[in-house]
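Summary of the model geometry
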Number of protein chains: 2
Amino acid sequence: MFISCLDMEGVLVPEIWIAFSKETGIAELSRTTRDEPDYDKLMRYRLDILKRHGFKLSDVQSTIGKIEPFEGAREFLGKLSELCPVIIISDTFEQFAGPLIKKLGNPTLFCNTLEVAGNGEITGYKMRVKNSKLSTVRALQSIGYETLAVGDSYNDIAMMRASRKGFLFKTTKAIAAENPDIGVYDEFDGLLSAMKAAME
Amino acid sequence: MFISCLDMEGVLVPEIWIAFSKETGIAELSRTTRDEPDYDKLMRYRLDILKRHGFKLSDVQSTIGKIEPFEGAREFLGKLSELCPVIIISDTFEQFAGPLIKKLGNPTLFCNTLEVAGNGEITGYKMRVKNSKLSTVRALQSIGYETLAVGDSYNDIAMMRASRKGFLFKTTKAIAAENPDIGVYDEFDGLLSAMKAAME
């Protein structure tokens, strides 16, 4: 029996921090896991910038409220979930993801949580588990599932390599070149066909 | 961070085999996990009866197509999934569950698979993992989740006892009496309030 594990940002919806970077005009906030493989370093860097500019959780949430999923993402999830269970495994935070998950048709999301002060300042974050994508794929395999994994970034590669099959989606040229053994897709239709074939 | 693990039959939708028993008039098929704690024994018993009467997968599926979720089940799932991720862990089979899952708003289901011959006869079944409910709860805990577990039957008790909190829902008097330390609920509103309180 198969289960599909999908990254969210960059795959199903645009990157939250890039949207916030555009909205605020703070270019430093456009760094993502595609540029910086060390997520802790990246998050500390982001929170420092928020603090320096006095931005609160509600400011980021207000930008997120305007983000729309990629065209076809919701339909793709609907069709995929007729083939097997689908879990979105994201390094984002529940306080960010809510409105996006609703727009995607309420798929199941495994993510992390932010620490927020009484005044709305984001003071830190709590990662649910170390190497959450790889750990989650391993946990699902331990209960009898064969996993298919889809992502676009450095932090998705380990779960792809640990899976029956991995799929790079809307990734960068650099990441594709560094992982020539993983198939690269740019359209949901092609991705769905490839995932279907991997389940046969 | 919390995740909710729910049994399906008896909790969110009526028991499939009881519906099929009523439809066919075969009283022997009304046995469920509430009566027989040994699921393998129960399934072999059920498949023997199907074979004896010449019933195929499509006959059972046709009955399942007429089953409606319990009143309020879909709304309950919608509200619960705003509080935490929700996984339905069922000992049923993907070939049975499809139409019911659609009527419940497409929640994520972890279940098993039937072996079906070319002529449509159900020849066997493949359980995804041993003790699937308990194993799944343990796997989710291993990736940083605290679990809440809801069920009605003998095969749900182990996942309840392994969870931060368990909830018996629409259960029998016997099961409630044998598990006096587990709260018993009969309405979705009361269950949701109790689960919400357990997450605080």
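Attention in this report is confined to the structure presented alongside it. (Residues numbered from 1 in each chain as written. Chains lettered and ligands numbered in written order. Predicted model: local features only at pLDDT ≥ 70, side-chain atom pairs only at ≥ 80, totals over all residues. Heavy atoms only, no water.)

**Remarks on the relation of the copies chain A and chain B**
Cut-off, in case you're wondering: The fit set for superposing copies consists of C-alpha atoms from residues with pLDDT of at least 70 in both; the fit itself is least squares. Note on contacts: a residue pair is in contact if any heavy atoms of the two residues lie within 4.5 Å.
Rotating chain A by 180 degrees about the axis while translating it 0.0 Å along that axis superimposes it on chain B, leaving an RMSD of 0.0 Å. Such values leave the two copies arranged in the relation of a two-fold axis. In terms of proximity to the rotation axis, the leading residue of chain A is Ala139(A), whose C-alpha is 2.6 Å off the axis. In this assembly, 100% of the residues forming the interface of chain A have copies in chain B that are likewise at the interface, indicating an isologous arrangement.

**Focus: the sheet that holds strand 4 (residues 122–126) of chain B**
All names here are of chain B. Heads up, the condition is: DSSP calls a pair of strands paired once it identifies at least 2 bridges connecting them. Numbering of helices and strands runs from the N terminus, with a helix taken as a DSSP run of H or I at least four residues long and a strand as a DSSP run of E at least two residues long. Axis definition: a line fit to C-alpha positions, over the contact stretch in the case of helices; interaxial angles, taken between N-to-C directions, run 0 to 180 degrees.
Strand order in the open sheet formed by seven strands is 4-3-2-1-5-6-7, with mixed pairing between adjacent strands. Looking at strand neighbours, the two that pair on one side only are strand 4 and strand 7 (183–185), the edges of this open sheet. Here the strands of the sheet are splayed against their neighbours by 25 degrees on average, with no regard to which way each runs. By the bridge criterion, four bridges tie strand 3 (residues 108–116) to strand 4 in an arrangement that is antiparallel. Note that in strand 4 the partner of glutamate 115 across the bridge is glycine 124. The strands touched by helix 2 (residues 39–53) within the sheet are strand 2 (86–93) and strand 4, with strand 4 carrying the most contacts at an inclination of about 165 degrees. Relative to the sheet, helix 5 (residues 94–103) contacts strand 2, strand 3 and strand 4, its axis offset from that of strand 3 by approximately 140 degrees.

**Focus on the interface of chain A and chain B**
The condition is simple: Buried area is understood as the total, over both parts, of accessible area removed when two parts are fitted together, assessed with a 1.4 Å probe. We define a salt bridge as a contact between a side-chain nitrogen of Lys or Arg and a carboxyl oxygen of Asp or Glu at a distance within 4 Å.
Taken together, the 24 residues of chain A in the interface contact 24 residues of chain B. Summing the contributions of chain A and of chain B, the shared interface buries around 1800 Å²; its carbon and sulfur component is 67%. The largest per-residue losses of area from chain A upon contact with chain B belong to Met1(A), Arg128(A) and Ile143(A), which jointly make up 36% of the total buried on that side. Between chain A and chain B we count two salt bridges in total. For Lys102(B), the salt bridge is made with Glu82(A), and the minimal N-O distance between the two is 3.5 Å.

**Side note on the sheet that holds strand 6 (residues 165–169) of chain A**
All names here are of chain A. If you walk across this open sheet you meet the seven strands as 4-3-2-1-5-6-7, and the pairing is mixed. In this open sheet, the two edge strands, each paired with only one partner strand, are strand 4 (122–126) and strand 7 (183–185). Shown here is a sheet whose adjacent strand axes are inclined to one another by a mean of 25 degrees, direction ignored. In this structure, strand 1 (residues 2–6) lies alongside strand 2 (residues 86–93), joined through three bridges in parallel fashion. In the sheet register, leucine 6 faces strand 2, and the bridge partner there is isoleucine 88.

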